[in-house]
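# Topology and contacts: notes
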Amino acid sequence: MSGGFDQSALKARLTAAREGRGVNTLLTAVRAGRAEAVPGLLKGLDPVGRKEALAELKALRTEVRGWGWSRWNEQVPIQKALRVAGAGCHTGAAAAAAWIGGRDLVDWGRSTSHLVLDVLADRDPAWLGDVAQRLAERPAVAENEYHLVRELVGRSGCAVPTTDGYVLGWTDALTGRQLLDDLRADPHTPILVPRVLDMAETPDRLTWSVGPEAPTHWPTALATLAAEGVLDRASLVDGCVARLLRGGRPRDLRFPLALLQLLDPTAGERRGRTADWMGMAADAPSPVAAYAQEVLAGLADGGGLSVPELAEMSGQVLFRTEKKLVRAQLTLLTKELRKDPGAAAELLPVVAEAFGHADTGIQERALKLVGRYLPEVDEQVREELAGVAAVLSPTHRQAAEELFGAADLADDLPYEETLPPVPEPRRVAGPAATVAELVEDLVTVSKGRVDAPPEEFERALDGLVHHAHRHREELKAALAVAFADAWWAGEEGQAPDHFAHGTNGVAVVMAALLGRVRPSRIHDARVRERFPSSCVHGALDAVVDARLWEAAALIGTDRLPFLLAAPTWHTGAIEPSVLVERLRAYREAGVDPAPVDLAQALLRVRKADPSAAAAADAASALGTRAGERLADWLRADASLAPGLRFLARERDTKGGTARLADRIVLRFRERRTVREEFPPVFRWLGGTDTEAHERCYHWGGERRNWPGVVPDDRETLASWLLPVLAGGVEWDERGASWGMTALAEADGPPGAATHLALAFALGCRHPEDRLNAVDTLLVLAARDDLDPGRLGETLAGLVVDGTVKTNRLADAARTAAATGAYGTTWSVLAPLLPALLTAEKPARGLGELLAVAADCVERCGTSREVPGLDATAERRGSSQLVVQAARLRKALRAASPEPSTGAGQDTTQAVENDH
């Protein structure tokens, strides 16, 4: 009606007003962090209102994501409310799953899963199933939000997800003492159990070391269900065998092995998998190999293993280092030869594989077995066995000659010490030639942050400074694209305090170039004076950070055209003549060096370089203060290494013993040049004449940039590594010896700290750490930088007081000797053994160490008087200690020079001089 009242328009305006108030009310609740109120508020919004709210929620999420740690308590409740509200507002399954599983919206503390389920209650089952599957494909979400995903699966009726994350969540959820009942009642058990056996890493719950009788023992529960028919037993056996064949860490194989043993494969199942058992016996970890060996032995006893199969299996097992497995295999071969002597021609060449085993007892056993059945073989096999006998330990030489005849054994060759070649320094590539190449370097390094490989880190930082000075705008544009999704990225001018807790490697320099770092943060970080209270590692981290903060402050300006401290060698060292030319370029550009950059360059310059003297003169001729400082530094011969005292092991006031790291006492000598001319972050290196206990709380982890701070001073580096290595000796820290390669390749004379660090590394718990130590030992010997007497005496003290375990040291010594460095190994063991042999109570495992020593003397032929050896060798009994002591004494007497040269003359020094 013309001029009349339009009721439809009014109704629309009222509806819009209500929707607007509803959206505002929802946003207010979310901003207040009231997640519990969100489901009720969403019910009052139609699809249009929810779409409008979603746009605001996305904006709020972006805002909250940029808040710093100082607003953590405010941030978490809002993110919980955002998670619930966004889940209810999204209409697409993919978008809803992405929102619910967002890393920034992850649940902390009290879960919001029940609220998410509430706002999704009215959705279509197929839609819910789609969301469930998408969430299950996100590993962290599927595991941590297992109950949410499981409920969505139940409501939708979709297929059970079988992703690793979902399976982990399922196993974590079954934590009660009613494990068997819970598994029996769960309809998903038959689907998910086989999936467990397909996973690369076994879920933690299944690896717990509880007995078979415990109600939480998974293998027992699953074997019971297989017996009841709930699970398919044949499929479980197949899955266990396949998992064991794939191999992996012992902790990942513990569950399938225990389950397979409880399932107890039948005779037919064992015969049908002969090749599988042989593969496990050859390559699997010891527990798995022992089980496979037991199965194969049972097959052999029942005639189910042919002679060729036994020969093949034996050759693989006898090649292993585990003495228990090798002995068991020799026992099996003895039984078979006793039953069928005619198989000697095929089996004895396999037995001879044990002639090369490290244990001389096993060698002797194999030699006796060969001798017993040697008459059963023809001349061709006999000659083959005689040739292999040449690898026997010299202690069995006489027995081998009696068996085969001296003429048939390989001729002895003069002993020649084998040491690795001295590593040559490698030049570091210059900065990236183009911006595109630089961006690739930065992307690679950013993944590893400050612990990226030193060469990559230094090249990326140098290239960043270089191109920021020459191609600033091009570089900024390339970085903005390449790092658009970086955690520190944002709009220019918006600078949340992302770097309040550190530099995060080159990220702070890139962010500063793009204007993403607050100037006040850079200023505060640069002026802060850092002096370590007790731990030099904190100070080393501060040095690396100081370089990055300085670069962040000067990046892209004329004040930092390139880095003076960029290394020229892979060790982190700088060639003196190169640094002179860099300072010359600074002088010609009229630029004063940046203080931290110059200080780091001085610490890196290689004083041992042949060009050092000429470089000092050239530096003086520059006529600049920086040139004078370089010249003075090159001419000074004082080391920065602190004095070292290693305290005896004593009990503390609580009855325990002091931490190994607390027994390291460093005396920081005063270096006036460092304290007066270097920036504050370096002045701790100048020290004072005071002693400080080295209390270090850096647990594990590889800090690859530490050695590059002072690569020209081996003793200084060794003193820094001592607390880290102490953790590898005393605790379960893996990778503690990461710095030993840098120690071996560093310049400077070795002293007390270097040899103590090497002793610690040789006594580390994990074999890979001891292997690094052996490499370092051999490289130092090749460089003529090893003092074997000092190292041996240091090790003796550590073994006697219980710091280093004898079996670990024996393993390291055996590894070193096996490389052909028998003389070097003996030169370390010779000064070590007297303290152990004359101790009131012999160290456990001393027999192993004596066996290595005897092997070394038998092969290299050196002689030395060892106090306490005669008394040990003359004890009653046939223990490993007594047998190996007698063997070592016999070897030493056989290697002794003629009486005219003087009884007991020490010929070990001749080996040392050969180095």
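Residues numbered from 1 in each chain as written. Predicted model: local features only at pLDDT ≥ 70, side-chain atom pairs only at ≥ 80, totals over all residues. Heavy atoms only, no water.

### Details of the overall build of the chain
A tally of regular secondary structure across the chain gives 46 helices and three strands. The 915 residues of the chain split such that 50% are buried. For the chain, the share of sequence-separated contacts (at least 6 apart) that also reach a separation of at least 24 residues comes to 72%. In the structure as shown, the chain presents an accessible area of about 41,500 Å², 51% of it carried by carbon and sulfur atoms. (Helix = DSSP H or I, 4+ residues; strand = E, 2+ residues; numbered from the N terminus. Buried < 20%, exposed > 50% of the residue type's maximum accessible area, 1.4 Å probe, protein only. Contact = heavy atoms within 4.5 Å. Areas by Shrake-Rupley, 256 points an atom, 1.4 Å probe, with all protein chains shown as cover.)

### Details of the pattern of salt bridges
Counted by the stated rule, this structure contains 54 salt bridges. Note that D785 and R783 form a salt bridge whose closest N and O atoms lie 3.8 Å from each other. Overall, the relative accessible area of 24% leaves R783 in the partly exposed class. It is possible to trace a salt-bridge network through shared partners that takes in R606, D609, R714, D747, R783 and D785. (Salt bridge = Lys/Arg side-chain N within 4 Å of Asp/Glu carboxyl O.)

### Points about unusual backbone geometry
Even without a glycine there, the phi angle at N504 is positive, about 55 degrees. Looking at the secondary structure, you find N504 in the loop between α27 (472-482) and α28 (507-513). Owing to a relative accessible area of 24%, N504 belongs among the partly exposed residues under this scheme. In this structure, D784 is a non-glycine residue whose phi angle is positive, near 60 degrees. Given the relative accessible area of 52%, D784 is considered exposed.

### Details of helix α9 (residues 146-156)
Structural remark: α-helix, 3.6 residues per turn; residues separated by three or four positions point the same way. Residues Y146, L148, V149, L152, V153 and S156 constitute the buried set of α9. Viewed end-on, α9 has its buried residues packed into an arc of 165 degrees, placing them on one side of the element. When the buried face of α9 is taken as reference, the exposed residues oriented beyond 90 degrees from it are H147 and G154. Buried positions along α9 lie against α4 (72-89), α5 (93-100), α6 (113-119), α7 (125-136), α8 (139-144) and α10 (164-173). At the exit of α9 stands G157, carrying a positive phi of roughly 75 degrees. (Arc of directions from axis to C-beta.)

### Points about the packing of aromatic side chains
Per the counting criterion, the structure on display carries nine aromatic pairs. Members of the aromatic cluster, each reached through a chain of ring pairs, are W633, F678 and F682. Positioned above the aromatic ring of W127 is the side chain of R123, whose terminal nitrogen or guanidinium carbon lies 4.5 Å from the ring centre. The ring of W633 has K607 lying over it, and the distance from NZ or CZ to the ring centre is 4.6 Å. (Phe/Tyr/Trp six-rings, centres within 6.5 Å; stacked < 30°, edge-to-face > 60°. Lys NZ or Arg CZ within 6 Å of the ring centre and 35° of its normal.)

### Description of the nonpolar core
Grouped together as the largest cluster of nonpolar side chains are 155 residues, with contacts concentrated most on L479, F760, W826, L833 and L888. By residue number, the principal contributor to this core is helix α30 (residues 536-554), which donates 12 residues. Dropping the residues within four chain positions of it, L833 is found in contact with W826, L846, L849, L850, A853, V866 and L888. Grouped together as the second largest cluster of nonpolar side chains are 125 residues, L82, V167, L179 and L236 included. (Core = buried A, V, L, I, M, F, W, Y, C linked by side-chain atoms within 4.5 Å.)

### Quick word on the confidence of the model for the chain
Here the chain shows a mean pLDDT of 87. Residues at 70 or above account for 89%. Confidence drops under pLDDT 50 across residues 689-694; counting only partners more than four residues distant or on other chains, this segment forms 27 contacts. Low pLDDT, under 50, characterises residues 898-915; the predicted model gives this stretch 24 contacts beyond four residues in sequence or across chains. (pLDDT = per-residue confidence, 0-100.)

### Observations regarding the packing of helix α17 (residues 274-283) against helix α19 (residues 307-317)
Running from N to C, α17 and α19 cross one another at 20 degrees; their axes reach a closest spacing of 8 Å. Regarding the angle of α17 to α19, the classification is roughly parallel. Relative to α19, the crossing made by α17 is right-handed. Contact residues: T274, M278, A281 and A282 in α17; E309, E312, M313, Q316 and V317 in α19. In terms of residue class, the contact of α17 with α19 is built from five nonpolar, two polar and two charged. (Axes fitted to C-alpha atoms, helices over the stretch in contact; angles between N-to-C directions. Parallel < 35°, antiparallel > 145°, perpendicular 65-115°, else oblique. Left-handed = near helix turned anticlockwise from the far one by under 90°. Nonpolar A, V, L, I, M, F, W, Y, C, P; charged D, E, K, R; others polar.)

### Let's talk about the packing of helix α31 (residues 576-589) against helix α33 (residues 612-620)
Viewed as axis vectors pointing N to C, α31 and α33 meet at an angle of 15 degrees, and their least axial separation amounts to 8 Å. If you check the angle between α31 and α33, you find them roughly parallel. Regarding α31 and α33, the two cross each other, and that crossing is left-handed. Residues P576, S577 and V580 of α31 form the contact with α33, whose own contacting residues are A612, A615, A618 and A619. Residues that form the contact of α31 with α33 fall into these classes: six nonpolar, one polar and no charged.

### So, the environment of V422
Looking at the element boundaries, V422 is found in the loop between α24 (397-404) and α25 (435-448). As for V422 and L778, which are separated by 356 residues in sequence, their C-alpha atoms are 9.4 Å apart. For V422, the contacting residues outside a window of four places in its chain are A782 and R783.

### Regarding helix α26 (residues 454-470)
Across its 17 residues, α26 extends 24 Å between first and last C-alpha, which sits within 8% of the 24 Å expected from 1.5 Å per residue. Residues of α26 that are buried include every one of F457, E458, R459, A460, L461, D462, G463, L464, V465, H467 and A468, and no others. (Expected span 1.5 Å × (residues − 1).)

### Structural notes on the side chain of Q329
Its location among the elements puts Q329 in helix α20 (residues 323-339). Engagement of the side chain of Q329 in a polar contact is seen with the side chain of S314, the distance being 2.9 Å. Ignoring sequence-local partners within four residues, the contact set of Q329 consists of Q293, L310, M313, S314, V317 and L318. (Polar contact = N/O pair within 3.5 Å; in protein donor to acceptor, adjacent residues only side chain to side chain.)

### Regarding the environment of Q133
Structurally, Q133 can be placed in helix α7. Exposure remark for Q133: the relative accessible area of 27% places this residue in the partly exposed category. Once the C-alpha coordinates of Q133 and C158 are considered, the two residues, 25 residues apart in sequence, prove to be 8.5 Å apart. The contact partners of Q133, leaving out residues within four places of it in the chain, are C158, A159 and P161.

### Section: the side chain of D747
Of note, D747 is situated in the loop between α37 (740-745) and α38 (752-762). A polar contact of 2.6 Å, which involves the side chain of D747, links it to the side chain of R606. Once residues lying within four places of it in the same chain are set aside, the contact partners of D747 are R606, A608, P711, D712, D713, R714 and R783.

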